[in-house]
Amino acid sequence: MPDQTSPETSPPPPPPPPAKEGIQLSLINNETSKLEVEADHGVFIKIQGAVPEAQGNAKEGAANAHHTLLLLINYACLFVGSVSSSLITKFYFIHKGSSRWVSTWVQSAGFPILLLPIYLPYYMSKSSDQRRPFSGFTLKIFLLSIIVGVFMGLNNLLFSWGTSYLPVSTSSLVLSSQLAFNLVLSMILVKQKASFTNLNCVLLLTVSSVLVGLASSHDKPPSLTRSEYLVGFLSTIGAGLLFALYLPVMELIYRKVDCYGMVLEMQLVMEMAATVLATVGMGAANGGFSVMKVESTRVFDKGSAAYWSTLASTLIAWQLCFVGTAGIVFLTTSLTGGICMTALLGANIVGGVIVYGDKFGGMKAVSTVLCVWGFFSYLYGMYAKNYKKTKLSIQ
């Protein structure tokens, strides 16, 4: 008789848990979350992405704060560097410094200073995600940096010629003409949109420069000939043209740059190229670095110590100016960089009048008012535009 056993019966399923009131949060993955609200009647309400949105807003806020802080630091560097470099360079020429190639050389020869902000964060950081300096620095970016650096050296030479002849206040106002060139080149190269705010600002600043040109015959120092004044005026215009081209070109290049650290690395290479150009020119025209020794001991009327202190101060000032300019272009646009440079013209003019007693007649006063008017009209236009965007995004 077969052995009959009763089949194994599975235990009955446990009774369903009582309905819970409240909220349960479960993460689905790094990008999505689910918020479940369980009610007594068993209806589930799912809200997708609520937490990531909050987290994203927090991260976006932190990124915006970091961006703003970095922008303010760069603008501070630009402000201090622009004003001090103009005044110190003029101090060099006033006290019998005569080599325009030396003045050109010191504008870029301070590039080793950039090694500190390039390498210091890497060696001080404890994060494994810290980018290694010059990683991702391609051959194309390297060659572009050298080419731009050569043009930067030419721009430095033209600026030295202009500063050696013109008063600081006059050269500063003439340099405001770069903004008109900057706007046109930005429209062509980086497709900058022309607006009433842009055109109004450029028009006012251009008229400001024209007024300086009309008043030039009454502004030149007594020992300066009309031809020398013309050379200084045209050299300053040329420097403005090259600088206006430099800004949108760098904006195009920066579109292929991943981070601010690479901006500093490019600046280092560019200034190395500019320094090589200035060194070759100084050797061909003045006999090399020996001209510095001769100037410090026999020419500069403030003595050797003051001479070398002047050159050292100029090295630091120009590094601040160039780094600030590059950072502003990278963080904003080339047009904004040009606007910021123009905004400092008033400070340069006032500095020239206070420190060196530059004349400040009626024409120059009107030019300064137009310069300030143009800049603040641009600021107001940008504020109104951003306010409108913010209001629309809230709605």
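Before reading further, recall that the structure is shown in the block above.
Residues numbered from 1 in each chain as written. Predicted model: local features only at pLDDT ≥ 70, side-chain atom pairs only at ≥ 80, totals over all residues. Heavy atoms only, no water.

*Asks:* So, the packing of aromatic side chains: which residues are in play, and what are the values?
*Replies:* The final tally for this structure, using the stated rule, is 17 aromatic pairs. Ring plane angle 45° and centroid distance 6.2 Å describe the contact between Tyr 92 and Tyr 307, whose orientation is recorded as tilted. Within this pair, whereas Tyr 92 is found in helix H1 (residues 50–94), its partner Tyr 307 is found in helix H11 (residues 304–331), the two being separated by 215 residues in sequence. Each member of the pair, Tyr 92 as well as Tyr 307, carries the same accessibility label: buried. Put simply, the rings of Phe 91, Tyr 92, Phe 93, Phe 300, Tyr 307 and Trp 308 touch in pairs and so form one group of aromatic residues. The aromatic ring of Trp 161 is capped on one face by Arg 100, whose charged end is 4.3 Å from the ring centroid. (Phe/Tyr/Trp six-rings, centres within 6.5 Å; stacked < 30°, edge-to-face > 60°. Helix = DSSP H or I, 4+ residues; strand = E, 2+ residues; numbered from the N terminus. Buried < 20%, exposed > 50% of the residue type's maximum accessible area, 1.4 Å probe, protein only. Lys NZ or Arg CZ within 6 Å of the ring centre and 35° of its normal.)

*Asks:* Give me the lowdown on empty space enclosed by the protein, citing residues and values where you can.
*Replies:* Counted according to the given criterion, the structure contains two cavities of 30 Å³ or more. Its volume calculated, the second largest cavity comes out at about 40 Å³. Lining the second largest cavity we find Thr 89, Tyr 92, Ser 103, Val 106, Thr 310, Leu 311 and Thr 314. Secondary-structure elements contributing two or more residues to the lining of the second largest cavity are H1, helix H2 (100–108) and H11. The element that contributes the greatest number of residues to the lining of the second largest cavity is H11, accounting for three residues. Of the residues that constitute the lining of the second largest cavity, the class distribution is three nonpolar, four polar and no charged. (1 Å grid on protein atoms, 1.4 Å probe; cavity = no way out; pocket = protein on both sides within 12 Å on 5 of 7 lines; lining within 4 Å. Points joined across faces, edges and corners; volume = space filled by probe spheres on them. Nonpolar A, V, L, I, M, F, W, Y, C, P; charged D, E, K, R; others polar.)

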